[in-house]
Amino acid sequence: MEFIDLNRYGEIGSNSTFLSIGPFNILIDSGLHPKKLGKDSLPDFNKIQGQSIDLIILTHCHLDHLGSLPIIARSHPEAPILTSLPNLSLAPRMLRNSINVMKRQREEYGMTDYPLYVHRDIDHIKRSIIALPFEKSEFFYKDKDTIEVKLHPSGHVVGASAIEIIYKGKRIVHTGDVLFEAQRTLPGAYLPNGKIDSLFLETTRGATVRAKESTRENEIKQLIDSINEILDQDGTCLIPVFALGRMQELFKIILESMQFGILRKAPVYSTGLGMDICNYFDKISNRTGLINFDLKILKQLDIKTIDPKLRPGKNIKKKGIYIVSSGMLVERTPSYNVAASLLNTASNGIFFIGYCDPDTPGGQLLANKDAESFYFNAFDYLSPIRASIKKFDLSGHADRDSLIDYTVQAEPKTIVLTHGENEARNWFQENLNHHLPNAQIIDPIPGQSYPL
Ligand SMILES: [Zn+2]
Ligand SMILES: [Zn+2]
C-alpha cells in the first residue's frame, strides 16, 4: 500500500490523494487551487502519468476538492466516481459555475487555455457518478481481490463524507473536511468508530486556539449583537460567505434570529451562485432528509438583489444586511465589490465568519484591520479603513482538540496530515507525537510516494 499527495503546494489548495491498495488505484478528490491560475491550480497529475485509476472518490463539492475532477475524469473515462447522494446534483452545478468563472478569467487574465473543461466533460461526470448512501458498503473487484468502501457523514457541508476503505482486514480512513458540531441546517460528523490502521486527517484549524468560553452558539449571539449595533447606527453590514453551505446556514440563522426578536428586522441582500444552491438544498432536503433547509426561508427573508452599480468608496444606498460570496473577499466577487463600497464609512461593518486564507483580500483585511487603509487591487483603489471589521468563529471545520480526541481513540498506526497550512500541520504533528508516540505521522511532501 502506498500513497502520493498530489496537491502541488501542500497546504490547502488542489486537494487530491492517490492511493494504491493491492491491485486498486484510487483517487480521493481532485481539487482546484482557489488562488492559482492555469496548470498551477491543478493537482500534479504528472505524478500518476501512465497509471490506471480504478475508482475516484469525491468527499464533497467545495472546489478545492472538486474543481479539477473533469480533467482527471476525462483522461480516465472508465473510472466510476463514488460520492454521497447530495453530490449527485451539487457536483455538476458547482462545476458548471466553475466553467463560467474560467470563461471570465480567460478575458481578465488572458488565460488562452481557459476554460479547462467544458459542459460535455460535466455530462460525462454525471454519467460516471455512483451515489452511495452513508454507512452502506460498496464492493469493488479486481484480479480476484475485493475492496470495500463506505462513506460516513462528516458535517462541514451537505454531502460531505469521510471515506472508509477496508482491504484484507486493514482499515484506511480519510476524514475529508470535518465538523463535529451540528449546524442549524446540518447534523455534525459521525466518523467511523474503533481502531483504524491509516488515517488521513484534515488539519485546517491546527493553528487556531478557541477561547474556552467561545461556543458556536455564543459566537452566533455575538455576531447577531454586532449586526444589531450596525443597524442601530443606520449602517450596512456585510457578511462574506462561501456560496455552498455557509450562505444557506447564515440565511437560516438570520431568519430565526429575526423571528425570535433578537435581531432587528432589516432588508437582506444576496446574489449569485449561493442563491441557486438554495434550490438544490431544498430538493436535497426533500429527497434525502440529509439537510434541514427549504425555500420558505428565502421567501420569509424576502431577499433583495444587490444594486449593480456599486462604486468603490461610495457608500451603499440600499442599507441592510449583505450575505454574499466569496467568503474570503476574492477579487471581483460580490463580497469584494460590496466591501469596497462599505469600508470607507464608520457606521458600516464587515463581519467574517469562516476560514480566510491569509493571502486572500479577506485574510489581508483581517490581518490589517487596525491599519489606516486597505488597497483594493482590482479597482486600484486605496480605501481608508473606517468600518468595523470583526471575525466570528463559525468555522465549518472541527476544532483541533476534537480531531485529536478522535484520532487518539482510533489509535492509527499511520497518520497522514492533509488540508492545513504549515503551522497547523506542525501543531498536529507535535500533539499527535505526544498522545500517540508509536504512530508514524507523515506530513507528506507533495508528489512523493509513501508506504502505508
Ligand atoms: Zn470544504
Ligand atoms: Zn477543503
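The residue numbers shown here count from 1 along each chain, following its written sequence. Written order decides the labels, with chains lettered from A and ligands numbered from 1. Where totals are concerned, whole chains, interfaces and linings use all residues; where local detail is concerned, this predicted model gives features only for residues with pLDDT of at least 70, and gives and counts side-chain atom pairs only at 80 or more. Computation of side-chain values covers all heavy atoms of the structure but excludes hydrogens and water.

For the rest of this paragraph, the subject is the pairing of strand 7 (residues 138-142). Judged from the five bridges that link them, strand 7 and strand 8 (residues 145-153) form a sheet pairing that is antiparallel. Looking at strand 8, one finds that Tyr 141 is bridged to Thr 146. Only strands joined by at least two bridges in the DSSP assignment are considered to pair. Secondary structure elements follow DSSP: runs of H or I of four or more residues count as helices, runs of E of two or more count as strands, with numbering from the N terminus. Here strand 7 folds back onto strand 8, and the loop between the two strands holds two residues, one of which, Asp 143, carries a positive phi near 45°.

This part covers the environment of Ser 449. Within the fold, Ser 449 resides in strand 21 (residues 449-451). Relative accessible area decides the class of each residue, using a 1.4 Å probe on protein chains only: under 20% of the type maximum gives buried, over 50% gives exposed, and in between gives partly exposed. A relative accessible area of 37% means that Ser 449 is categorised as partly exposed. Setting aside chain neighbours within four positions, we find Ser 449 in contact with Glu 2, Phe 3 and Ile 4. Residues are treated as being in contact if the distance between any of their heavy atoms lies within 4.5 Å.

Before going further, it helps to examine the pairing of strand 14 (residues 321-324). Here strand 14 shows a buried face lined by Ile 321 and Ile 323 and a second buried face lined by Tyr 322 and Val 324. Bridge count for strand 12 (residues 237-240) against strand 14 is four bridges, and the pairing is parallel. By the bridge assignment, Ile 239 is partnered in strand 14 with Ile 323. When strand 13 (residues 268-269) meets strand 14, the two strands line up parallel, connected through two bridges. Pairing of Val 268 across the sheet is with Ile 321, part of strand 14.

A separate point is the pattern of salt bridges. A carboxyl oxygen of Asp or Glu within 4 Å of a side-chain nitrogen of Lys or Arg is what we treat as a salt bridge. Within this structure, the stated rule accounts for 25 salt bridges. As a salt-bridge pair, Arg 425 and Asp 443 come within 2.9 Å of each other at their nearest N and O atoms. Pair noted here: Arg 425 is in helix 12 (residues 422-435) and Asp 443 is in the loop between strand 20 (440-442) and strand 21, with a separation of 18 residues, a long-range link. Judged by its relative accessible area of 26%, Asp 443 falls in the partly exposed class.

A few words on the coordination of the zinc ion (ligand 2). For the zinc ion (ligand 2), every protein donor is listed as Asp 64 (OD), His 65 (NE2), Asp 177 (OD) and His 419 (NE2), and the spread of their distances is 2.1 to 2.3 Å. Of note is the zinc ion (ligand 2), whose four donor atoms meet at the metal with angles of 89 to 173° in an arrangement that counts as irregular. Only nitrogen, oxygen and sulfur atoms within 2.8 Å of the metal, or 3.2 Å for Na, K and Ca, are treated as donors, and water is left out, so sites may look incomplete. Going along the chain, you hit the donors of the zinc ion (ligand 2) in the pattern D-H-x111-D-x241-H. Separating the zinc ion (ligand 2) from the zinc ion (ligand 1) is a gap of 3.3 Å, which Asp 177 spans by donating to each of them. Taken as a pair, Asp 64 in helix 1 (residues 63-66) and Asp 177 in the loop between strand 10 (170-174) and strand 11 (198-202) lie far apart in primary sequence, 113 residues in all. Asp 177 carries the same exposure label as Asp 64, and that label is buried. When four donors show all angles between 85 and 135 degrees the site is tetrahedral, when four or six donors have opposite pairs over 155 degrees and all other angles between 65 and 115 it is square planar or octahedral respectively, and in every other case it is irregular.

Another point: the coordination of the zinc ion (ligand 1). Summarising the metal site, the zinc ion (ligand 1) is bound by the protein donors His 60 (NE2), His 62 (ND1), His 156 (NE2) and Asp 177 (OD), whose distances to it range over 2.1 to 2.5 Å. Each of the four donor atoms bound to the zinc ion (ligand 1) contributes to angles spanning 89 to 174°, and the resulting shape is irregular. Donor residues for the zinc ion (ligand 1), ordered by position in the chain, follow H-x1-H-x93-H-x20-D.

Moving on: the domain arrangement of the chain. How big an interface is tends to be stated in terms of the accessible area lost upon association of its parts. Domain borders in the structure are assigned automatically or taken from a domain database. According to the domain assignment, the chain contains domain 1 (2-208 + 396-451) and domain 2 (216-391). Taken together, the contact pairs 27 residues of domain 1 with 29 residues of domain 2. The term buried area denotes the loss of accessible surface (1.4 Å probe radius) that occurs when two parts are joined, taken as the sum for both partners. Both faces combined, the contact of domain 1 with domain 2 buries some 2,600 Å², and carbon together with sulfur accounts for 61% of it. It is Arg 93, Arg 184 and Thr 185 in domain 1 that bury the most area against domain 2; as a group they hold 30% of the surface buried on that side. Across the contact surface, domain 1 and domain 2 share six salt bridges. N or O atoms closer than or at 3.5 Å make up a polar contact, with two conditions inside protein: a donor-capable atom paired with an acceptor-capable one, and, for residues adjacent in sequence, both atoms drawn from side chains. Connecting domain 1 to domain 2 are 12 residue pairs in polar contact (both at pLDDT 80 or more). Per-class residue counts for the side of domain 1 that touches domain 2 are 14 nonpolar, seven polar and six charged. Residue polarity is assigned by list, with Asp, Glu, Lys and Arg as charged and Ala, Val, Leu, Ile, Met, Phe, Trp, Tyr, Cys and Pro as nonpolar; anything else, Gly included, falls into the polar class.

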